[in-house]
Amino acid sequence: MSNFDPDTFKHDYLGTEPDDIQLSINNRLVYTIGKDPYTAVAHDWLQALSYITRDRLIERWMETHRSYYRTGAKRVYYLSMEFLIGRSLNNALLNIGFRENCEEALKQLGLDLEELQQLEYDAALGNGGLGRLAACIMDSISTLDLPGTGYGIRYEYGMFRQAIEDGKQIELPENWLAAGNPWEFPRPEVVYKVRFGGQVMEYQAPDGQRRHSWIEGDEVLAMAYDTPIPGFHTETVNNLRLWSAKASHDFDLECFNQGDYIRAVADKTISENLSKVLYPDDRSSENQELRLRQQYFFVSASLQDILRRFLQINSDFQDLPEKIAIQLNDTHPAISIPELMRLLLDEYHLQWRDAWDITTRTFSYTNHTLLPEALESWPVGLLERLLPRHMQIIYEINRRFLLTVTHLHPDDITLLQRMSLIEEEGGKKVRMAHLAIVGSHKVNGVSELHSNLLQEKTFSDFHEFFPDRFINITNGVTPRRWLNEANPILSQLISGAIGSEWIKDLGQLERLQPLADDSEFQQRFLEAKRANKARLADLIMFYMRVTVDPDSLFDVQIKRIHEYKRQMLNVLRIIALYLRICENPDYDAPARTVILAGKSAPGYQMAKLTIRLINDVASIIDSDPAVAGRLKLVFIPNYDVSTACDIIPAAELSQQISTAGMEASGTGNMKLALNGALTMGTLDGANIEIRERVGPENFFTFGLTAEEIQKKRRLGYDPHQVYESDPELKRIIDMIGQGYFSPEEPKRYHTIVDNLLHKGDHFMVLADYHSYMESDAQMCALYRDQKAWAKAAILNTANMSHFSCDRTVQEYAEKVWSIKPPIR
Ligand code: 26V
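Residues numbered from 1 in each chain as written. Predicted model: local features only at pLDDT ≥ 70, side-chain atom pairs only at ≥ 80, totals over all residues. Heavy atoms only, no water.

### So, the site of the ligand
If you check the shell around the ligand, you find 19 residues, and the closest are His368, Asn475, Glu663, Ser665 and Gly666. A distance of 2.6 Å is found between an oxygen atom of the ligand and a side-chain nitrogen or oxygen belonging to histidine 368. In this structure, glycine 666 approaches the ligand through a main-chain N or O atom, which is 2.9 Å from an oxygen atom. The protein chains hide 93% of the 600 Å² of surface that the ligand would expose on its own. At three residues, helix H6 (residues 129-143) tops the list of elements feeding residues into the shell around the ligand. By residue class, the composition of the shell around the ligand is six nonpolar, seven polar and six charged. (Near = heavy atom within 4 Å. Polar contact = N/O pair within 3.5 Å; in protein donor to acceptor, adjacent residues only side chain to side chain. Areas by Shrake-Rupley, 256 points an atom, 1.4 Å probe, with all protein chains shown as cover. Helix = DSSP H or I, 4+ residues; strand = E, 2+ residues; numbered from the N terminus. Nonpolar A, V, L, I, M, F, W, Y, C, P; charged D, E, K, R; others polar.)

Here it is as structure tokens:
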């Protein structure tokens, strides 16, 4: 420790006036980037601008952490395999109120801020909803001044880039770090050893206790990279700490000394491969040893870091649950539970009962999916080989847990089998969700319906056993990125009407309710939407060379491609509209542009085929003069956070059409409604709560309920009967099956048709088709009355306050973490 006094330290050019900014940018360009204004390319200016923005976060960041140490505040650690952050520059500029002056300074330098912003890579360290939720939660933790740190993996290759070639998805690697990442601080001094393999040694301690020690095996180093997470208009800047794998030097040296240079270097890449690439959301593929290694790698490093920090100002582990809370974002980090037990037992020599009490009071677990194929389970054999001590501890947790179950329900063997942490059939496996539930004090689902289904179906035995453990915390989205930043036009309109408090307090939006009937406000709301549609149309022209009419209805479905999300149902609807217009030129429907976007997991054949079908249908529609100017279908490639920010403000209709009971929550549904899109949706996930709040008359509801779906499944559902009884539907499916959209390969879509008609239509697409088409007709009727539509759209925006992630995080802080902002 030096005797450094923070008050004596001040960066000499942190001014925020345009002149100060210019000076800062020029300095950075020359002294950090090593370019002069004559040779600098646009990307150099972006880097310089990012550095000078970052400079203005650093003092707050340091002071935030000094205040946490000073006050000894309880902290939350958010453990997530995914953080889908997107771009950082604009977010930081707006959060510190620095954007306008930057824009001015850049203008004086002959540069355009928006153009520079576009050059920033998205930090796409996540697949979709779960990863983006983690990013929204971090934003809210900082904005609410809560002491929180995110822990995850610094993937060198995040989400792949999606290109469309001949209608097909192609995956391209995206080296987002290639040009350097100005938002991260490498911490080469913060490294931890992470062990894999080896064996467990049992020994007798001098006090007579039996102890365990995990020895030998291979070691990998985890090195920290820190990214500041600024809150909006607050001094709080929290930290996102991501781990990168480095080869362990001791290990390498041994090989060097034996003269095997090639092996040493090769082994180094094997270890460093650990943080090389994000796993795509492929819910069916199994046996992914590397993924388990990734999980333990970041969990082990994070827990070592958390305990080191705890021990700096505490000495008694009994205080751990009063000082820290650890949130598990799905079961991906659930190996934390046996890992904390191992540390407390083997390294710090606590008794089992104390260690277990501390562990369960520290952890809590969020479940994000009910789909059985997405519930993680790891083969016991794999765990025994990679993490032998953890496997022992899991067995002991299970033994003690099942004893307590037996105590309450003697003789109920099937109950024991159902609740066991070990699945016995088909090769022993550890059920990670059971481990997470047993090892946590709170378990939450992410929407009311989802939490109810968790409690009543998927984990009903656990809910009976631990009734107080289960709660609901409905997801939310940050209004900073998803309204203020993505939609400046609407944001200005709103702030002009009710002030700008809504950005931090979304409840303020309710003050827009009376304006829903105000003709002038309606007009301006429609104009804002029209301007955003024109902007999106320009982007589509620029990137895809495709013309879309900004005066047509923008009908949008944007999300990962999954059978349960039913992009297929949308395709059936689009073909129906196409046929109706072709056959009846007077068919009364608004001119419409249907926009789809989303990635398929690289190995998910049905999802890839769906993308291809969408593109095939799009080109048939495109080349048919009969529907020109009336119907257009566009698949926007490479859906990511930045693309979402371009599409969402322009959407008028939001498609949220999953099979009821299958979408845990959805968050795109919230972003779209917040931006004044009306939802066409099933009673699934958070759709139900959105509908309740915006009013059923401002929401197009269709389809079977979760309960009806279950009932239909039980009683036996026959899609063929639906097909036979609806001539239009029959015709559409036959067209797809007979190659109308793929004349050069008529059988291209056989598997799709086969799934719908002969394999039971598991996602009940046909069952909801009729109701979906009716809902579309109702929607068209409302759209014809633009004043009524504007009113409904305003009421959507006005009633979305519940879906701010600030509310979500506030609920976690109160009901799960017991944390408050520290008193500075
Ligand atoms: C599954 C897998 C399977 C193995 C390979 C890697 C991987 C990565 C992600 C996933 C899916 C995790 C579950 C998930 O993303 N759930 C979504 O969570 C959102 C936030 O709560 C919620 O809004 C969505 O409805 C839900 O699908």
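What follows picks up the thread again.
### A closer look at the UniProt feature "modified residue: N6-(pyridoxal phosphate)lysine" (unreviewed entry) in the chain
Under the present numbering, the feature "modified residue: N6-(pyridoxal phosphate)lysine" (unreviewed entry) in UniProt falls on Lys671. Structurally, lysine 671 is set in helix H25 (residues 668-674). Those residues in contact with lysine 671 that lie beyond four places of it in its chain are Arg132, Val477, Trp482 and Ile648. (UniProt positions renumbered as here; feature names shortened; annotations may be inferred. Contact = heavy atoms within 4.5 Å.)

### What to know about helix H20 (residues 488-498)
Turning to H20, its buried residues are Leu490, Ser491, Leu493, Ile494 and Ile498. Buried residues of H20, viewed axially, fall in a sector of 160°; they line one side. What points out from H20, more than 90 degrees from its buried face, is the exposed set Gln492 and Gly496. Buried residues along H20 sit against helix H19 (479-485), helix H21 (519-544), H25 and helix H32 (786-798). Immediately downstream of H20, the backbone of glycine 499 shows phi near 85°, a positive value. (Buried < 20%, exposed > 50% of the residue type's maximum accessible area, 1.4 Å probe, protein only. Arc of directions from axis to C-beta.)

### Comments concerning empty space enclosed by the protein
For the structure on display, the rule yields seven cavities of 30 Å³ or more. If you trace the largest cavity, you find 26 residues lining it, with Glu120, Ala123, Trp176, Asn181 and Trp183 closest to the centre. Among the secondary structure elements, those contributing two or more residues to the lining of the largest cavity are helix H2 (42-71), strand E2 (83-86), strand E3 (123-125), strand E10 (218-230) and strand E11 (237-247). No other element matches H2, which puts four residues into the lining of the largest cavity. When the residues that make up the lining of the largest cavity are grouped by side-chain class, the tally is 14 nonpolar, eight polar and four charged. Here the second largest cavity defines a volume of roughly 190 Å³. Looking at the second largest cavity, it is lined by 17 residues, and the ones nearest its centre are Ile85, Ser88, Asn91, Ile229 and Arg481. Across the lining of the second largest cavity, the residue classes break down as nine nonpolar, four polar and four charged. (1 Å grid on protein atoms, 1.4 Å probe; cavity = no way out; pocket = protein on both sides within 12 Å on 5 of 7 lines; lining within 4 Å. Points joined across faces, edges and corners; volume = space filled by probe spheres on them.)

### Considering the pattern of salt bridges
A side chain of one charge can pair with a side chain of the opposite charge if their charged atoms are brought near each other. The tally for this structure, following the rule as stated, stands at 57 salt bridges. Arginine 28 serves as the salt-bridge partner of aspartate 55, at 2.8 Å between the closest nitrogen and oxygen. With aspartate 55 in helix H2 and arginine 28 in helix H1 (residues 18-33), this pair connects stretches of sequence that are 27 residues apart. Given the relative accessible area of 6%, aspartate 55 is considered buried. Taking the relative accessible area as the measure of exposure, arginine 28 reaches 12% and is therefore buried. In this structure, aspartate 305 and arginine 309 form a salt bridge, with 3.1 Å as the shortest nitrogen-oxygen distance. Of this pair, aspartate 305 and arginine 309 both sit in helix H9 (residues 289-313), separated by four residues, roughly a single helical turn. (Salt bridge = Lys/Arg side-chain N within 4 Å of Asp/Glu carboxyl O.)

### Description of the packing of aromatic side chains
Within this structure, the stated rule accounts for 21 aromatic pairs. The interplanar angle of 35° and the centroid separation of 5.7 Å between the aromatic rings of tyrosine 77 and tyrosine 151 together place this pair among those described as tilted. Separated by 74 residues along the polypeptide, tyrosine 77 in strand E1 (residues 75-79) and tyrosine 151 in strand E4 (residues 148-153) bring together distant segments of the chain. Just as tyrosine 77 is buried, tyrosine 151 falls in that class too. Ring centres 5.8 Å apart and planes at 25° place the aromatic pair phenylalanine 310 and phenylalanine 317 in the stacked group. With respect to burial, phenylalanine 310 and phenylalanine 317 carry one shared label: buried. (Phe/Tyr/Trp six-rings, centres within 6.5 Å; stacked < 30°, edge-to-face > 60°.)

### Structural notes on the sheet that holds strand E15 (residues 422-423)
Sheets are built from strands paired through backbone hydrogen bonds, the pairs being either parallel or antiparallel. Read across the open sheet, the three strands follow the order E14-E16-E15; overall the sheet is antiparallel. In the strand order of this sheet, the two ends are held by strand E14 (377-379) and E15, each with one partner. (Pairing = 2+ DSSP bridges.)

### A closer look at the layout of surface pockets
Considering only enclosed or pocket space, the second largest pocket measures out at about 1000 Å³ in volume. What lines the second largest pocket is a set of 37 residues, and nearest its centre among them are Asn90, Leu94, Asn484, Glu485 and Pro488. Of all the elements, H20 adds the most residues to the lining of the second largest pocket, at five residues. When grouped by side-chain class, the residues that make up the lining of the second largest pocket number 11 nonpolar, 13 polar and 13 charged.

### Observations concerning the sheet that holds E10
Taken in spatial order, the nine strands make up an open sheet running E7-E10-E11-E4-E1-E12-E13-E17-E18, and their pairing is mixed. Sheet topology places strand E7 (185-196) and strand E18 (470-472) at the edges, where each strand pairs with a single neighbour. Along the sheet, successive strands turn relative to each other by an average axial angle of 25°, direction set aside. Here E1 pairs with E4 via four bridges, running parallel. Bridged to leucine 79 within E4 is tyrosine 151. Of the strands in this sheet, E1, E4, E7, E10, E11 and strand E12 (324-329) are in contact with H9, which crosses E7 at around 115°. (Axes fitted to C-alpha atoms, helices over the stretch in contact; angles between N-to-C directions.)

### A few points about the environment of tyrosine 192
Take tyrosine 192: it is sitting in strand E7. Each C-alpha atom, one on tyrosine 192 and one on serine 302, is 9.0 Å from the other, the two residues being 110 residues apart in sequence. What tyrosine 192 contacts, discounting residues up to four positions off in sequence, is Val220, Leu221, Ala222, Trp243, Ala301, Gln304, Asp305 and Arg308. Looking at tyrosine 192, its side chain comes within polar contact range of the side chain of arginine 308, at 2.7 Å.

### A closer look at unusual backbone geometry
In this model, aspartate 145 sits at a positive phi of 60°, which is unusual for a non-glycine residue. Mapping aspartate 145 onto the fold places it in the loop between H6 and E4.

### Some details on the nonpolar core
Ranked by size, the top nonpolar core spans 241 residues in total, and within it Trp243, Phe297, Leu572, Ile736, Leu766 and Trp817 carry the most contacts. Among the elements that make up this core, the one with the highest residue count is helix H22 (residues 567-583) (11 residues). If we ignore the near neighbours within four places in the chain, the residues touching tryptophan 817 are Lys74, Val76, Tyr78, Ile141, Ala325, Gln327, Ser364, Val809 and Tyr812. (Core = buried A, V, L, I, M, F, W, Y, C linked by side-chain atoms within 4.5 Å.)

### Digging into the packing of helix H12 (residues 352-362) against helix H14 (residues 388-408)
For the pair H12 and H14, the least separation of the axes is 13 Å and the interaxial angle reads 90°. Relative to H14, H12 is oriented roughly perpendicular. Residues Trp352, Arg353 and Trp356 of H12 touch H14, and the partners they reach there are Ile393, Glu396, Ile397 and Arg400. Of the residues contributing to the contact of H12 with H14, the split by class is four nonpolar, no polar and three charged. (Parallel < 35°, antiparallel > 145°, perpendicular 65-115°, else oblique.)

### A closer look at the environment of leucine 512
Of note, leucine 512 is situated in the loop between H20 and H21. A relative accessible area of 0% means that leucine 512 is categorised as buried. Note: C-alpha distance between leucine 512 and asparagine 799 (287 residues apart in sequence) is 8.7 Å. Non-local contacts of leucine 512, meaning those with residues more than four positions away in its chain, are made with Ile494, Ala497, Ile498, Phe521, Ile794, Thr797 and Ala798.

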